[in-house]
Structures are given as structure tokens and as C-alpha cells.
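What follows is each chain in one-letter form.
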Amino acid sequence: MKKVLLLGGILLVLLGAAGAGVAWLVRRPAHAGPPEDEGAQSVSVKPQGAGFLLEMQDGGLPLRSLRWIGPVTGGAVVAQVATQSDRQQVAVVKDGHSLGLFPVPRPGGVGEGTFNHAELTDAAFVEGDALVLLYRTLGGSEGDPVLVLALDLATRSLRWCHRAPGTRMTLGGGGKDAAVFLWGRTTPLQRMPLALQKGEKEGVAPVRPGLKPYELPAEVGEISDLRPTGAWTFLVAHARGLSAFNGTVKGWNHLPAPPPSRLGFPAPKGALALAGKRYWWQPEPGAVIPVQADGTPIAEAEPPVLSVADPALDAPMLKLFGGDAEGRLWFTLAAPALRVLPAPKPAAEAEAPAAPAPVQEAPEFTAAELLAWETHLRGDLGRIYVYDPGKKAMLRLAWADAWPGMNAPEGFRRPAKEEGLRPGAAGALFLGDAGAWWVPLSSLPLRAVEPPAEAPKAAPGKP
């Protein structure tokens, strides 16, 4: 009988210990560190050449996936970190300093498989407030819903979650009225307020009901770019021109696109940029138009003029891809399609009875012009141009010349065109075998564009 009682007591102690372990796991906060069997992850930031080398320390155990993105809105670099046990985290680096790792809890209403294999594609960093993350489901197409999460930086908890179709995210406004705009070329445009809304509680973040998208007017074609001008207002470049939403009272303004150039650039062609405090619209490569926040063109501002040895070929190819805080515009070179007349119809078709033939237009290019363009396009087009409207000066960044002097870490290749460069986020991010390399915009070796040499003047009285 004593043996039975003794065995029963031992069994009760073991069950009590097991129960305590289960209770500890249940009580374990969502923002606690990784389990001991996963090691401790951290981000190493070391000065290297013109920038900083960012490396993820996995604590001795390999990660399931690591994905660097950025620089993002707000100037931060973000990495998606997924452990072998499917814990989702993000690492944040700002101005060459690691802000640590933030756990990303799975929101209510999102399946475990969907969340564990989602890919981080964009983010917006609002210092002292929140980090907004855009996840794309594995194998999803442009029209499928994405997952947008807002992490509170102070509490390290999930503030809210949205599910809606979209591919790009842009931050607008500030303070309590700040919001992110979710949009895509063919998906609805939605505004998602950054702050908690009425009836919502911090740390309780099920998927919110779908927000009502903006009703775009018929004048708005397929969206190619969007730039917020406030917490509720924005500019949108589209296939038909430029449109500005100025609030529910003032409504919309529309500006049609000018006639296309003879170079025939492929769609999408429209682009927008905020440079300093001025907005710029580019209907297609080769020209930019300064506009006010309501979409009205600023007539007195001069467009950039490219003064190089061969302006006739590079200047029409300038494609706007960003503006910086100093008011400068950043361009890459877009290859044109070079329009040509359609081939003549076969003789049999030409002899068949038909309506009177239309008047033939002149060829878009002469043989000499076409040869010059084709030769130019076969060369290295990896040049970045930077125009300063205030100084009326053009700068250039040629990767082939600049990359060797930037002292990139080993295993990093020379970028192509604007790859990794984000003027609005004040930096560039390059990926290599050793991790990521963040280079601030101020460290890029820009060189002044020299004007073409003038032809010598003839002596008086001589031709």
C-alpha cells in the first residue's frame, strides 16, 4: 500500500511540473525573445567603404529565410527574418544603427500557413511611432489581397492589420492624421489610417473589415505612380495624364498628357516625385513639369536642361525615378522603342479593291538618325543623372566609374541603373554574399556634367 501511495505521489509531482511548464508557455508574452533552441538573432552594422555592411547573426542556427528591403519610406532598412520554427520577425536599421529585431505576431483571421510563408515586399518607417509592413502571399498575383501590418514601435505589439489587393504602399500626412495609401496599376486605391480607430484596442489586431476604396473618375486611366500631398489628398500619374484629388469638397483636377514623343516609350511612362517641397510630374521620359499640390502646373519653373557632349541622345531618355530632401531630381535612362513606319503590304493585298489609301506620313527617323540611336542603345546605359533646379546644375553617377572607388564589401556586384537606389529614402541598398550594404545618399560620388566644348570662333573676315 505504501508503494502505491509513493508512486501516486511521484506521479502527481510530475504532472504538476508538466502543468507548470505548459502554463509558462501559455503565459509567455508574444514579444519575448526567441526560444533557446533557435539561438539569439541580432544585426551587425559595420562601416565599410562608402557605407555600412549589414549582417544578420543567426545565433549559430541557420534561419529559414532572410530578405532585405529598402531603404524604405522614412529612411530605414528592413529585413524579414523567419526562423526554422516559423517565427516571423523584422530587423530595422536606421542611419547606420541597428534598432533591433521586432517580432511580428500572426494576426487573428490569418491562416498559419499563409502567414508563415508570406514575403515582405515593402515597408514604411515612422520614427517614434510605427513600422508598416506589406506582405505578399506566396504565389500571389497582382490582383490578390496582400497583408498590411502596423507594428507599434513603443510596445512592440501589432497595432492593426488590413487585407486588400495592391502592390505598392506610400505614406502620406503626419501626426495623428498619417496614413498609408495602398495601390497598384490595376488594383483599387485605399487609404489606411496609421492611428488606431474608434473602438480598436492596442495589441488586439484581427483583420479589419475592408476599407472603402477611392472612387476614381473616368479621366483616371491605369495608375503608373502616386504621390500623397497630405493625409487625404494625392497626385496620381496615369496613362491619360495627371490627376489630383484635393479632398471631398474641392474634388478632382485633371491635366491631360502632352502628345507623346516620336521615340515611343513603352508604358507605364508617367512618374511623380517630391523634391524638397516641390512636386514634379513626368508624362514620359525626356521632360518634367513642376506642379502644385492641386495638380496645377507651375509655369515659371524651368525644366532641366541636359548639357553634355551628346545631349541629343541622353536628354530625351531621362526617366524620373525620385527626388531627395535637397530638392534634386534623380533620373535613369529609359530605352525607347524607336517608332518606325509599318512594313508595306504585300503586292496581292495592294492590288485588291479597297478604300483610298491614307496619306503616307514622313518616316519618324532618317537612316542616319536610326543608326545613331541603335549604336547609342547598344552602349552602357548605366548612368544616373541628378538635376538641381535651384543651381540649374546637372550631376552624373556612372556606376562603371564610381563603383571601384566606393570600396564595396567582397561579394557585392556593381548595380544596374537605379537598382537599390532610393533618393526619397536618402540612401541605397545593395545585396551581396555577405549580407546587405547600405550607402547614404550623401556618400554617392556624383560628378558635375561638363558642358560640351565650344567650337573655336573664326577670325574676323574669315569664314
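In case you missed it, the structure is sitting above this.
Nothing here was measured: the structure is a model prediction, and the numbers come from that model.

> Just give me the short version of the sheet that holds strand β6 (residues 97-103), but keep the residues and values in it.
Sheet strands pair by backbone hydrogen bonding; their relative direction is either parallel or antiparallel. Taken in spatial order, the four strands of this open sheet run β3-β4-β5-β6, and their pairing is antiparallel. In this open sheet, the two strands that pair with only one neighbour each are β3 (65-69) and β6. Within this sheet the neighbouring strands show an average axis-to-axis angle of 20°, counted without direction. Of the strand pairs in this sheet, strand β4 (residues 76-82) and strand β5 (residues 88-94) are connected by seven bridges, and their pairing is antiparallel. Residue pairing across strands places Val-77 opposite Val-93, the latter belonging to β5.

> I'd like a rundown of the packing of aromatic side chains, residues and numbers included.
Overall, the coordinates contain 15 aromatic pairs when judged by the stated rule. With a centroid separation of 5.1 Å and 80° between ring planes, the pair formed by Tyr-214 and Phe-234 is classed as edge-to-face. In this pair, Tyr-214 is assigned in the loop between β13 (190-193) and β14 (223-228) and Phe-234 in strand β15 (residues 234-238), connecting sequence segments 20 residues apart. For the pair formed by Tyr-214 and Phe-234, the shared burial category is buried. Considering the side-chain rings of Phe-234 and Trp-252, the 5.7 Å spacing of their centres and the 80° angle between planes classify their relative orientation as edge-to-face. Placement of the pair is Phe-234 in strand β15 and Trp-252 in strand β17 (residues 252-256), with a sequence separation of 18 residues. Overall, the relative accessible area of 0% leaves Phe-234 in the buried class. Following the ring pairs from residue to residue traces out a cluster consisting of Phe-181, Tyr-214, Phe-234, Phe-245 and Trp-252. The positively charged end of Arg-156 is found above the aromatic ring belonging to Phe-102, 4.1 Å away from the centroid.

> Requested: an account of the pattern of salt bridges, with residues and values cited.
Pairing is possible between side chains of opposite charge, provided their charged atoms come close. A full pass over the atoms with the stated rule returns 13 salt bridges. In this structure, Glu-119 engages Arg-136 in a salt bridge whose closest nitrogen and oxygen atoms are separated by 3.0 Å. Of the two residues, Glu-119 is situated in strand β7 (residues 119-126) and Arg-136 in strand β8 (residues 130-136); the sequence distance between them amounts to 17 residues. Note that Arg-328 is salt-bridged to Asp-324, the shortest N-O span being 2.8 Å. No difference in accessibility class separates Arg-328 from Asp-324, as the two residues are buried. It is possible to trace a salt-bridge network through shared partners that takes in Arg-67, Glu-119 and Arg-136.

> Outline the side chain of Asp-324, listing residues and values.
Relative to the helices and strands, Asp-324 is located in the loop between β21 (318-323) and β22 (329-333). With residues near it in sequence (within four places) discarded, Asp-324 still touches Leu-274, Ala-275, Gly-276, Trp-330, Pro-423 and Leu-441.

> Tell me about the sheet that holds strand β9 (residues 145-152), and please be specific about residues and values.
A sheet is described by the order of its strands in space; here four strands give the open sequence β7-β8-β9-β10, paired in antiparallel fashion. This sheet does not close on itself; its edge strands, each paired only once, are β7 and β10 (157-165). Taking the axes of each pair of neighbouring strands and ignoring which way they run, one obtains an average angle of 20° across the sheet. Looking at chain direction, β9 and β10 are connected through eight bridges and run antiparallel. Paired with Ala-150 across the bridge in β10 is Trp-160.

> Any chance you could break down unusual backbone geometry for me, citing the residues and the numbers?
Each neighbour pair has its own omega, and for Gly-70 with Pro-71 the value is -5°, a cis peptide bond. Along the chain, the position of Pro-71 falls in the loop between β3 and β4. Here the bond from Ala-267 into Pro-268 is cis, since omega is -5°, no more than 30 degrees from zero. Considering the arrangement of structural elements, one finds Pro-268 in the loop between β17 and β18 (271-275). Positive phi outside glycine occurs at Asp-95, with the angle close to 55°. Summarising the element assignment, Asp-95 is placed in the loop between β5 and β6. Even without glycine at this site, Lys-392 takes up a positive phi of about 50°. Examined against the element boundaries, Lys-392 turns out to sit in the loop between β23 (383-388) and β24 (393-398).

> Before we move on, could you go through empty space enclosed by the protein and cite the residues and values that matter?
In total, this model carries one cavity of 30 Å³ or more according to the counting rule given. Approximately 30 Å³ is the volume attributed to the largest cavity. In terms of lining, the largest cavity is formed by Val-110, Thr-114, Ala-118, Tyr-135, Arg-136, Thr-137, Leu-147 and Arg-163. Looking at the lining of the largest cavity residue by residue, the classes come out as four nonpolar, two polar and two charged.

The rules behind these values
- Residues numbered from 1 in each chain as written.
- Predicted model: local features only at pLDDT ≥ 70, side-chain atom pairs only at ≥ 80, totals over all residues.
- Heavy atoms only, no water.
- Pairing = 2+ DSSP bridges.
- Helix = DSSP H or I, 4+ residues; strand = E, 2+ residues; numbered from the N terminus.
- Axes fitted to C-alpha atoms, helices over the stretch in contact; angles between N-to-C directions.
- Phe/Tyr/Trp six-rings, centres within 6.5 Å; stacked < 30°, edge-to-face > 60°.
- Buried < 20%, exposed > 50% of the residue type's maximum accessible area, 1.4 Å probe, protein only.
- Lys NZ or Arg CZ within 6 Å of the ring centre and 35° of its normal.
- Salt bridge = Lys/Arg side-chain N within 4 Å of Asp/Glu carboxyl O.
- Contact = heavy atoms within 4.5 Å.
- 1 Å grid on protein atoms, 1.4 Å probe; cavity = no way out; pocket = protein on both sides within 12 Å on 5 of 7 lines; lining within 4 Å.
- Points joined across faces, edges and corners; volume = space filled by probe spheres on them.
- Nonpolar A, V, L, I, M, F, W, Y, C, P; charged D, E, K, R; others polar.

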